[in-house]
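Listed below, chain by chain, are the residues.
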Amino acid sequence: RAKQMGKGKACFFDAEMDAAAQDRRMLETELREVIENDGIDLAYQPVLSAKTGQITSAEALARWTHPDRGPIRPDIFISLAEECGLIDRLGEQLLRRACRDAQGWPDHVRVAVNLSPLQFLSGKLIEIVQQALDESGIRADRVQLEVTEGLVIRDVEGTFRQLEQLRTLGIQVLIDDFGVGYSSLSYFQRFPFDKVKIDKSFVDEIGTSRAAKAIVEAVVGLGAALYMGVVAEGIETEEQRHLLVASGCTHLQGYLFSRPVTANTLGKMLMTQGNLEAMASKAA
Ligand code: C2E
Ligand code: MG
Ligand code: MG
Ligand code: MG
């Protein structure tokens with residue numbers, strides 16, 4: 001086919017396209033395999049209370065370390081899983097594992113799991129969540145589900161109905177990466193989210209941009225009026241922390257406090273935190 005096109009440039013381009021397509025197909029096959037073997041890992045990133053500094057929850061973040069290519073970014077393999085019909089299976093697997101892991105943590109620490117909007121289209125989400133709760137034995141109110149603003153891509157009514165059902169179970173629903181998507185303040189009229197996670201891009205600029213600071217303050221105001229906690233994600237500096245706390249954010253997350261860590265390391269962090277708390281209350 002390339003030969004018939006005559007020009008060398010087009011020919012080269014075509015070959016490159018083929019290579020890219022082939023590469024993608026290979027990655028897809030490997031992803032299918034690793035999912036079948038339950039081989040996608042979870043890292044956990046702590047979220048702290050702005051008031052007490054204690055860890056109140058940990059966000060589960062998917063990790064795939066490819067044997068030859070090394071770590072592959074979750075943005076990449078999650079969208080690949082979405083495109084090739086693997087996201088339901090992967091999503092279910094990760095949710096169940098996250099609940100099992102959380103079972104070993106102190107009772108007041110919640111686990112946050114990211115959901116793909118596509119997981120609302122199978123009609124099985126509620127059943128899957130219920131099963132993950134049952135088999136892990138953790139209380140529903142220890143689970144937070146993070147959905148993005150791109151949430152409602154199809155089946156608006158069905159998606160909001162399922163959000164209501166999740167909430168009825170006692171699950172917390174968070175809106176993630178707030179403020180950057182095609183968002184919509186009208187979501188807040190339709191559904192009482194438990195928390196809003198302000199996107200990292202506003203956190204990055206809070207010290208330098210008047211607009212970013214005003215946006216954070218507006219979201220905090222919205223949160224206060226609607227009884228929603230406000231989480232700032234991606235905090236990297238002490239200055240950002242200070243400004244976000246001063247703006248009234250209720251929860252903090254970012255490399256400044258901790259990078260995503262293994263389940264094991266998180267378990268140790270939580271144990272030490274428990275000891276510190278116990279020691280502090282003894283001393284008091
Ligand atoms: P997200 O849910 O908004 O997660 C936050 C991302 O920011 C994570 O990237 C986290 O590692 C990173 N991060 C946290 N603090 C900092 C910081 O201080 N500085 C910087 N530079 N980055 C920080 P990660 O793990 O690469 O995940 C990227 C995105 O992939 C997530 O964004 C989420 O949308 C998606 N994702 C990850 N795991 C899952 C999953 O299990 N299911 C679904 N559906 N999506 C997932
Ligand atoms: Mg998230
Ligand atoms: Mg986020
Ligand atoms: Mg984000």
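The rules behind the values
- Residues numbered from 1 in each chain as written.
- Chains lettered and ligands numbered in written order.
- Predicted model: local features only at pLDDT ≥ 70, side-chain atom pairs only at ≥ 80, totals over all residues.
- Heavy atoms only, no water.
- Axes fitted to C-alpha atoms, helices over the stretch in contact; angles between N-to-C directions.
- Helix = DSSP H or I, 4+ residues; strand = E, 2+ residues; numbered from the N terminus.
- Parallel < 35°, antiparallel > 145°, perpendicular 65-115°, else oblique.
- Left-handed = near helix turned anticlockwise from the far one by under 90°.
- Contact = heavy atoms within 4.5 Å.
- Nonpolar A, V, L, I, M, F, W, Y, C, P; charged D, E, K, R; others polar.
- Near = heavy atom within 4 Å.
- Polar contact = N/O pair within 3.5 Å; in protein donor to acceptor, adjacent residues only side chain to side chain.
- Areas by Shrake-Rupley, 256 points an atom, 1.4 Å probe, with all protein chains shown as cover.
- Donors = N, O, S within 2.8 Å, 3.2 Å for Na, K, Ca; no water.
- Buried < 20%, exposed > 50% of the residue type's maximum accessible area, 1.4 Å probe, protein only.
- Lys, Arg positive; Asp, Glu negative; His and termini not counted.
- Salt bridge = Lys/Arg side-chain N within 4 Å of Asp/Glu carboxyl O.
- Core = buried A, V, L, I, M, F, W, Y, C linked by side-chain atoms within 4.5 Å.
- Arc of directions from axis to C-beta.

In the nomenclature of an unreviewed UniProt entry, the protein chain is known as Bifunctional diguanylate cyclase/phosphodiesterase of Croceicoccus marinus.

Asker: Is there a simple way to explain the packing of helix H8 (residues 210–225) against helix H9 (residues 238–247) in this structure?
Answerer: Geometrically, a packed helix pair is captured by the angle between its two axes and the distance between the axes. Closest axis-to-axis distance for the H8/H9 pair is 9 Å, and the angle between their directions is 40°. Relative to H9, H8 is oriented oblique. Between H8 and H9 lies a crossing whose hand is right-handed. Where H8 approaches H9, its residues Lys213, Val216, Glu217 and Val220 are matched on the opposing element by Leu243, Leu244 and Ser247. Its residues assigned to classes, the contact of H8 with H9 shows four nonpolar, one polar and two charged.

Asker: What should I look at first to understand the packing of helix H3 (residues 87–103) against helix H4 (residues 125–136) in this one?
Answerer: As a packed pair, H3 and H4 sit with axes 9 Å apart at the nearest point and diverge in direction by 30°. On the basis of the axis angle, H3 is roughly parallel to H4. Here the hand of the crossing between H3 and H4 comes out right-handed. Residues Glu92, Leu95, Arg96, Cys99, Arg100 and Gln103 of H3 form the contact with H4, whose own contacting residues are Ile128, Val129, Gln131, Ala132, Glu135 and Ser136. Taken together, the residues of the contact of H3 with H4 break down into five nonpolar, three polar and four charged.

Asker: Mind showing me how you'd approach the site of ligand 1 here?
Answerer: Of all residues adjacent to ligand 1, which total 22 residues, the nearest are Arg63, Asp176, Asp177, Glu236 and Tyr255. Glutamate 59 is positioned such that a nitrogen or oxygen atom in its side chain is 3.0 Å from an oxygen atom of ligand 1. In the environment of ligand 1, an oxygen atom lies 3.0 Å from a nitrogen or oxygen atom belonging to the side chain of asparagine 114. For ligand 1, whose unbound accessible area comes to 810 Å², protein coverage reaches 82%. Secondary structure elements with two or more residues in the shell around ligand 1: strand S2 (55–66), helix H2 (74–83) and strand S6 (172–178). Looking at the shell around ligand 1, the element that brings in the most residues is S2, giving four residues. Classifying every residue of the shell around ligand 1 gives nine nonpolar, five polar and eight charged.

Asker: Which parts of the structure should I look at to understand the coordination of the magnesium ion (ligand 2)?
Answerer: Octahedral six-donor coordination of a metal ideally yields angles of 90 or 180 degrees, compared with 109.5 degrees for tetrahedral four-donor coordination. Summarising the metal site, the magnesium ion (ligand 2) is bound by the protein donors Glu59 (OE), Asn114 (OD1), Glu146 (OE) and Asp176 (OD), whose distances to it range over 2.0 to 2.2 Å. Positions of the donor residues of the magnesium ion (ligand 2) along the chain correspond to the pattern E-x54-N-x31-E-x29-D. Taken as a pair, the magnesium ion (ligand 2) and the magnesium ion (ligand 3) show a spacing of 3.6 Å, with aspartate 176 coordinating each metal. Note that glutamate 59 is positioned in strand S2 and aspartate 176 in strand S6, a separation of 117 residues in sequence. Overall, the relative accessible area of 5% leaves glutamate 59 in the buried class. Among the residues examined, aspartate 176 registers a relative accessible area of 6% and is labelled buried.

Asker: Looking at this structure, I do not really get the coordination of the magnesium ion (ligand 3). What am I missing?
Answerer: For the magnesium ion (ligand 3), the full set of protein donor atoms is Asp176 (OD), Asp177 (OD) and Glu233 (OE), at a range of 1.8 to 2.6 Å. All donors of the magnesium ion (ligand 3) come from a single chain, and their spacing in sequence reads D-D-x55-E.

Asker: I'm lost on the side chain of aspartate 176 in this one. Help?
Answerer: Salt bridges are absent for the buried aspartate 176, whose nearest opposite-charge side chain, lysine 197, sits at 4.6 Å. The residues contacting aspartate 176, other than those within four sequence positions of it, are Glu59, Asn114, Glu146, Val147, Thr148, Glu149, Lys197 and Glu233.

Asker: Please explain the nonpolar core as it appears in this structure.
Answerer: Side chains of a nonpolar character, in soluble globular proteins, are inclined to be buried together. With 73 residues, the main nonpolar core has Leu31 and Ile40 as its most contacted residues. At seven residues, H3 tops the list of elements feeding residues into this core.

Asker: Sorry, what's going on with H9 here?
Answerer: For the α-helix, the turn length of 3.6 residues means that residues three or four positions removed from each other point alike. Those residues of H9 that sit buried are Gln240, Leu243, Leu244 and Ser247. The buried residues of H9 occupy an angular sector of 100° when projected down its axis, which confines them to one face. Exposed residues lying more than 90 degrees from the buried face of H9 are His242 and Ala246. The inward-facing, buried residues of H9 abut helix H7 (200–205), H8, strand S8 (229–232) and strand S9 (251–252). Taken from the residues just after H9, glycine 248 is the one with a positive phi, measuring 105°.

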